[in-house]
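# Per-entry structural report
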Amino acid sequence: FEGHCYAVFSPDGRTIATAIAPGTTDMFLVDAETGRVRLRMVGHQATVLCASFSVNGSKLASGYADGGCKVWDSSTGALLRTIWLGSLITSIAWGRDWVQ
């Protein structure tokens, strides 16, 4: 993962969410065992700064430099929701009660 700006493991440890390098707008889901890219998530308009898997691993939230947060289906890469918070997002955490 040389050059990657962050890496986040899924709860089961089988998948890593990452952005290739600082300044990138795409995220990738990578098989933790083989290192192969499983999914590429495209749709950010600014640099991806952080990501976090939901407690059960079914969703992935990502935050980016222009104040947006995207929620993805981690098995298909489908964009489920965009939330605009209006300021830089540098960290995301899921509550234990919100696992769907």
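Attention here is on the structure that accompanies the text. (Residues numbered from 1 in each chain as written. Predicted model: local features only at pLDDT ≥ 70, side-chain atom pairs only at ≥ 80, totals over all residues. Heavy atoms only, no water.)

## What about the sheet that holds strand β8 (residues 79–84)?
- Spatially, the four strands line up as an open sheet ordered β5-β6-β7-β8, and their pairing is antiparallel. Edge positions in the sheet fall to β5 (48–53) and β8, since each of these pairs with one other strand and no more. Neighbour to neighbour, the strand axes of the sheet diverge by 20 degrees on average, direction disregarded.
- By the bridge criterion, five bridges tie strand β7 (residues 68–73) to β8 in an arrangement that is antiparallel. (Pairing = 2+ DSSP bridges. Helix = DSSP H or I, 4+ residues; strand = E, 2+ residues; numbered from the N terminus. Axes fitted to C-alpha atoms, helices over the stretch in contact; angles between N-to-C directions.)

## What to know about the sheet that holds strand β1 (residues 6–9)
- Pairing in this open sheet of four strands is antiparallel, and the strands run β1-β2-β3-β4 from one edge to the other. In this open sheet, the two strands that pair with only one neighbour each are β1 and β4 (37–41). For this sheet, the mean inter-axis angle between neighbouring strands, taken without regard to orientation, is 20 degrees.
- Sheet topology places strand β3 (residues 27–31) next to β4; four bridges connect them, and they run antiparallel. In the strand pairing of β4, Val30 is matched with Val37.

## Brief notes about the side chain of Lys70
- One can find Lys70 in strand β7.
- One buried charged residue, Lys70, remains without a salt bridge, the closest side chain of opposite sign being Asp66 at 7.8 Å.
- A polar atom in the side chain of Lys70 sits 3.0 Å from the side chain of Thr82.
- Every residue in contact with Lys70, bar those within four places of it in the chain, is listed here: Gly43, His44, Leu60, Ala61, Ser62, Tyr64, Leu79, Arg81 and Thr82. (Buried < 20%, exposed > 50% of the residue type's maximum accessible area, 1.4 Å probe, protein only. Lys, Arg positive; Asp, Glu negative; His and termini not counted. Salt bridge = Lys/Arg side-chain N within 4 Å of Asp/Glu carboxyl O. Polar contact = N/O pair within 3.5 Å; in protein donor to acceptor, adjacent residues only side chain to side chain. Contact = heavy atoms within 4.5 Å.)

## A few points about the pairing of strand β2 (residues 15–19)
- Within β2, five of the five residues are buried, which leaves the element mostly enclosed by the surrounding structure.
- On β2, burial covers both faces: Thr15, Ala17 and Ala19 on one face and Ile16 and Thr18 on the other are all buried.
- Where β1 lies against β2, four bridges are found, and the strand directions are antiparallel. Bridged to Ala7 within β2 is Thr18.
- Linking two consecutive strands that pair antiparallel, namely β1 and β2, is a turn of five residues; a positive phi of about 75 degrees is found at Gly13 within it.
- In this sheet, β3 lies alongside β2 in antiparallel orientation, the contact comprising four bridges.

## Thoughts on the packing of aromatic side chains
- Counted according to the given criterion, the structure contains one aromatic pair.
- A ring pair is formed by Tyr64 and Trp84, whose centres lie 5.9 Å apart and whose planes are at 75 degrees; its orientation type is edge-to-face. One end of the pair, Tyr64, is in strand β6 (residues 59–64); the other, Trp84, is in strand β8, and 20 residues separate them in sequence. (Phe/Tyr/Trp six-rings, centres within 6.5 Å; stacked < 30°, edge-to-face > 60°.)

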